[in-house]
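Here is what each chain is made of, one letter per residue.
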There are 2 protein chains.
Amino acid sequence: MTRYQHLATLLAQRIEQGLYQGGERLPSVRALSQEHGVSISTVQQAYYLLEQQQLIVPYPRSGYFVRTRKASPPIPAMSRPVQRPVEVKKWGAVLELVQARQDPNLISLGSSQPDLTQNTLKPLWKQLQRVGQRQDPSSFMYDQLAGTPLLREQIARLMVDSGCQLSAEDIVVTSGATEALAVAIRAVANPGDIVAVESPVFHGILQILCGLDIKVIEIPTDFTNGISLEALELVLEQWPIKAVLVVPHCNNPLGFIMPPHRKRALMTLAQRYDIAIIEDDVYGELAYEYPRPTTLKSMDIDGRVLLCSSFSKTLAPGLRVGWVVSGRYFDRVMHAKYTNTGTTAICTQLAIAEFIRQGYYQPHVRRMRSLYQRNLETFACWLRYYFPEEICVSRPQGGFVLWVEMPEYMDGVQLREHLRATANIHIAEGSLFSASGKYRHCLRMSCSQPWSNDMEKTIATIGAAIKGMLLTYQKNVPV
Amino acid sequence: MTRYQHLATLLAQRIEQGLYQGGERLPSVRALSQEHGVSISTVQQAYYLLEQQQLIVPYPRSGYFVRTRKASPPIPAMSRPVQRPVEVKKWGAVLELVQARQDPNLISLGSSQPDLTQNTLKPLWKQLQRVGQRQDPSSFMYDQLAGTPLLREQIARLMVDSGCQLSAEDIVVTSGATEALAVAIRAVANPGDIVAVESPVFHGILQILCGLDIKVIEIPTDFTNGISLEALELVLEQWPIKAVLVVPHCNNPLGFIMPPHRKRALMTLAQRYDIAIIEDDVYGELAYEYPRPTTLKSMDIDGRVLLCSSFSKTLAPGLRVGWVVSGRYFDRVMHAKYTNTGTTAICTQLAIAEFIRQGYYQPHVRRMRSLYQRNLETFACWLRYYFPEEICVSRPQGGFVLWVEMPEYMDGVQLREHLRATANIHIAEGSLFSASGKYRHCLRMSCSQPWSNDMEKTIATIGAAIKGMLLTYQKNVPV
């Protein structure tokens, strides 16, 4: 046994014995070299071996950590929202979140913005430049109502991966996923109607429903299986629901991918009660599994699924290009699109269409997928390190957001206000993700940005704030 | 008196005697030179003199025409719509019109698209190209909800010309004027409410109201003074109106500019009945008078005016950049914007902001204004020439659309279908501009494209079709 193998075995034993716990930082290379009287390169070789054995993980500029696989924080239990239709409010807090996105003085972990710094995105700039160079007057003219045919063809091609056989004629391009969802909802529900959603649910969806005077009913949702079909069926028995809106792939905020048999069961349920399904697939392309999961739309035999998606999470949100595949509701979607924004800007559509056509899309998305997966692991690891032991954390199967559940008596709103006032950090409290005031003790954190020392400080600050608040509660409210 | 002066006097006399009538084509230079035994250049000098005396107008590649000032067709009388709230329909015909815009086989006179071929627009392409070159990740990120500050500052500067003293904070950028109108309406009215509009009114406005389940009541409108305040007051007495939506400058479709005292009276009326005013100023910058007319917004002392506008008619509709100035309804407009499209695309906003900042906007708009004015005169002249005598034609004070009233028994829908089937020409029948089925005997024609021989053929074809239909009617229905 060589020296480095010996050292590696010793360290592996210590990890097994719990001396170094999951998520914990291992001693520095220099410290170990002094402790064991071996050379720096011997320690590095030992760490490399342990890394290959998947016992430890290196994080750039942070050192080595014990892998958290076995010891990662537990997943939260299924949600239990209020099961009656409610009106959506909370615009004030959502507006604050939206405005925090652009505040250069704030560290915003609340908003789910993709990483736009990768080189694989560069050709998209080039394409935009070329649209300007070409000076074709038709790209300054009104677009077709359904969107530029070049882009619709490329979207139809991309969607083959999700199991959908579509043509350009099935697709209506929109100004981002927000408009896709807005026109899809307008196509199936009128003011005063009720739509069922997962719980927790992306706050943007709640606000869109609120803007259209539509009530929501929140359905219990499991962190691995998605929306509870049993609870949904009970609700369908009791209430005149017009549609169910789900985010089945890399769910925002919970991160699950709905298993295929659950998707099929949801389709059957929708048919039995004759309701529409609005499928938000905006994170679908960022699933860590390969091939990507197939959509509800791909199982749709009677045109009741409205699939909404966009390039905001995969490419760039600032381009505002999304789309709807609307099945039997096509005419109503077209009318809603016409009265919402008329048509969509052409130059951004053309830039994206060429980016995809020239083969830049797949390599970029592949890269982002693995980057986000690594980022999420790092974040989860550090949460374990800096946050109190009692937390539960979601285990996302794609995308770049984490859902953190703190002890029930924690107040996320108070935490947000405290962090903003004392540390210029903005987080999204869980209660934004419920129309009925649930999840006040939860957080959603965006983990799209690559790990850095500054980010470690941020996580440490949040962790310390939570611990501090927990201590205060425990003092004040004796259990 | 020289030879050419002698010839000019002779021709002027003939015009005065009615030998050559307003709108009629004068003999060619060659024919006159032969008739009077003078040189070609003498005739040209004579025509040049008459042109300076404003008796005749030259049209490129078409020869000289008698000016129609005195002999132009009469303006239609004030409209008399049904005065009760009605629901909007007619989506099928509007969709056909929208789709005709992009059909390369169709000559579309129905859709009001600006001329995008002028050199003064070229720097806008350059700016778009530069946004691509700069590769600044922040322009691929989510924008501020209210829009890019650089653009909002420029819009605030432009609006000084219309009498408004605004700051960037007063402006919310939207995806075109359609979204501006949609969010403005959503901010002041709920589903089931009633909004008063001019009659006839742009079909897009009717469809937006229809999409939001809002009823409209059409108010009689005069071809020079705009909406009848007397009729509006009667309606306000009788119905719970939430807002009045007007297009006071270069009205679409009638072309009037509301006189200042009528605007002040409208403001007073809105205050007395406490209703909101939605002011659509999308053609305001294309007024032929200088300085451009001041907006209702500039007279707004209590924040009840929502001004909606866009760059779709002045620069390029394909960029989809509009804005709202929303006064006391700011918060509701922000919520509606968030739920409609989230944010607006950034790169198009940046390109426009730089185009304005670098001083390209004013020269371009000045050029377009005079081009459109000349185009409209030419079109009106040729309508007089090819259309039956019984028509009335609007006399626009800005913009590029004409409103043509045919005898009451003419059927615009039948005419549209006939022209599309036989000549690949698409026109917009007047009934699109009414929720209560009025104006079936009217047409709106877009005159933005420079005059050409092909356009003359098109106008001749439409004229012949109308004459043919009139003859058939007169045979079948003896008066």
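Residues numbered from 1 in each chain as written. Chains lettered and ligands numbered in written order. Predicted model: local features only at pLDDT ≥ 70, side-chain atom pairs only at ≥ 80, totals over all residues. Heavy atoms only, no water.

### What to know about the state of the cysteines
All names here are of chain B.
Point 1. Applying the stated criterion across every chain, the model contains 0 disulfides over all chains.
Point 2. Free of any disulfide, Cys308 has its nearest cysteine sulfur in Cys164, 12 Å distant.
Point 3. For Cys308, a relative accessible area of 0% gives the class buried. (Disulfide = S-S within 2.5 Å. Buried < 20%, exposed > 50% of the residue type's maximum accessible area, 1.4 Å probe, protein only.)

### Structural notes on the interface of chain A and chain B
Accessible area lost upon the coming together of the parts serves often as the stated size of an interface.
Point 1. Facing 67 residues of chain A, the contacting portion of chain B comprises 67 residues.
Point 2. For the pair chain A and chain B, the two sides together bury roughly 5700 Å², of which 66% comes from carbon and sulfur.
Point 3. Contact with chain B buries area across many residues of chain A, yet Trp125(A), Phe140(A) and Tyr142(A) alone supply 18% of it, more than any other trio.
Point 4. Every element with two or more residues in the side of chain A that touches chain B is listed here: helix 4 (91–100), helix 5 (122–134), helix 7 (176–188), helix 8 (203–211), helix 11 (330–340) and helix 12 (346–357) of chain A.
Point 5. With 8 residues, the top contributor of residues to the side of chain A that touches chain B is helix 5 of chain A.
Point 6. The residue makeup of the side of chain A that touches chain B, split by class, is 30 nonpolar, 27 polar and 10 charged. (Contact = heavy atoms within 4.5 Å. Buried area = accessible area lost by both parts, 1.4 Å probe. Helix = DSSP H or I, 4+ residues; strand = E, 2+ residues; numbered from the N terminus. Nonpolar A, V, L, I, M, F, W, Y, C, P; charged D, E, K, R; others polar.)

### Remarks on the packing of helix 2 (residues 29–36) of chain B against helix 3 (residues 40–52) of chain B
Residues and elements named next belong to chain B.
Point 1. For the pair helix 2 and helix 3, interaxial distance at closest approach is 9 Å and the crossing angle is 110 degrees. As far as their axial angle goes, helix 3 and helix 2 are roughly perpendicular. When you trace helix 2 past helix 3, the crossing you get is right-handed. Listed contacts from helix 3 to Val29, Arg30, Leu32 and Ser33 of helix 2 are Ile40, Val43, Gln44 and Tyr47.
Point 2. Of the residues in the contact of helix 2 with helix 3, the class split is 5 nonpolar, 2 polar and 1 charged. (Axes fitted to C-alpha atoms, helices over the stretch in contact; angles between N-to-C directions. Parallel < 35°, antiparallel > 145°, perpendicular 65-115°, else oblique. Left-handed = near helix turned anticlockwise from the far one by under 90°.)

### With respect to unusual backbone geometry
Most peptide bonds take the trans form, and the phi angle of most residues other than glycine is negative.
Residues and elements named next belong to chain A.
Point 1. Between Ser199 and the following residue, Pro200, the backbone shows a cis peptide bond with an omega angle of 0 degrees.
Point 2. Note that the residue after Tyr290, namely Pro291, is joined by a cis bond; omega there is -5 degrees.
Point 3. Within the fold, Pro291 resides in the loop between strand 9 (276–280) and strand 10 (305–310).
Point 4. Phi is positive for Asp274, close to 50 degrees, though the residue is something other than glycine.
Point 5. With respect to the helices and strands, the residue Asp274 is situated in the loop between helix 10 (260–272) and strand 9.

### Side note on the domain arrangement of chain A
Point 1. For chain A, the assigned domains are domain 1 (3–66) and domain 2 (119–360).
Point 2. For domain 1 of chain A and domain 2 of chain A, the distance between their C-alpha centres works out to 46 Å. (Domains from an automatic or database assignment.)

### Notes on the relation of the copies chain A and chain B
Point 1. Overlaying chain A with chain B gives an RMSD of 0.2 Å, the required rotation being 180 degrees about an axis along which the chain moves by 0.0 Å. Such a combination of rotation and displacement between the chain copies is what one expects of a two-fold axis. Across chain A, the smallest distance between a C-alpha and the rotation axis is recorded for Gln129(A), namely 2.1 Å.
Point 2. Comparing contact sets, 100% of the residues at the interface of chain A also lie at the interface in chain B, consistent with an isologous, same-surface contact. (Least-squares fit on C-alpha atoms with pLDDT ≥ 70 in both.)

### A few points about the packing of aromatic side chains
Point 1. Scanning all chains against the criterion turns up 37 aromatic pairs over all chains.
Point 2. Ring geometry for Phe65(A) against Tyr385(A): centres 6.4 Å apart, planes inclined by 85 degrees, an arrangement best described as edge-to-face. Of this pair, Phe65(A) sits in strand 2 (residues 63–66) while Tyr385(A) sits in helix 13 (residues 361–386), and the two are 320 residues apart along the sequence.
Point 3. A relative accessible area of 0% places Phe65(A) in the buried class.
Point 4. For Tyr385(A), a relative accessible area of 33% gives the class partly exposed.
Point 5. Between the aromatic rings of Trp403(B) and Phe433(B), the centroid separation amounts to 5.5 Å while the plane-to-plane angle is 85 degrees, which identifies the pairing as edge-to-face. With Trp403(B) in strand 13 (residues 401–405) and Phe433(B) in the loop between strand 15 (428–429) and strand 16 (442–446), the pair connects residues that are 30 residues apart, well separated along the chain.
Point 6. The rings of Tyr59(A), Phe65(A), Phe379(A), Trp382(A), Tyr385(A), Tyr386(A) and Trp451(A) are connected pair by pair, giving a single aromatic cluster.
Point 7. Above the ring of Tyr142(B), the side-chain terminus of Arg101(A) is found at 4.2 Å from the ring centroid.
Point 8. Here Lys438(B) stacks its cationic end above the ring of Tyr439(B), 5.9 Å away from the centre of that ring. (Phe/Tyr/Trp six-rings, centres within 6.5 Å; stacked < 30°, edge-to-face > 60°. Lys NZ or Arg CZ within 6 Å of the ring centre and 35° of its normal.)

### Re the sheet that holds strand 9 of chain A
Residue and element names in this part refer to chain A.
Point 1. Ordered in space as 4-11-10-9-8-5-6-7, the 8 strands form an open sheet in which the pairing is mixed. Of all the strands in the sheet, the pair left with one neighbour each is strand 4 (171–174) and strand 7 (226–227).
Point 2. In this structure, strand 9 lies alongside strand 10, joined through 4 bridges in parallel fashion. When the bridges of strand 10 are listed, Asp280 appears paired with Cys308.
Point 3. Across the sheet, helix 6 (residues 149–158) is in contact with strand 4 and strand 11 (322–325); its angle to strand 4 comes to roughly 115 degrees. (Pairing = 2+ DSSP bridges.)

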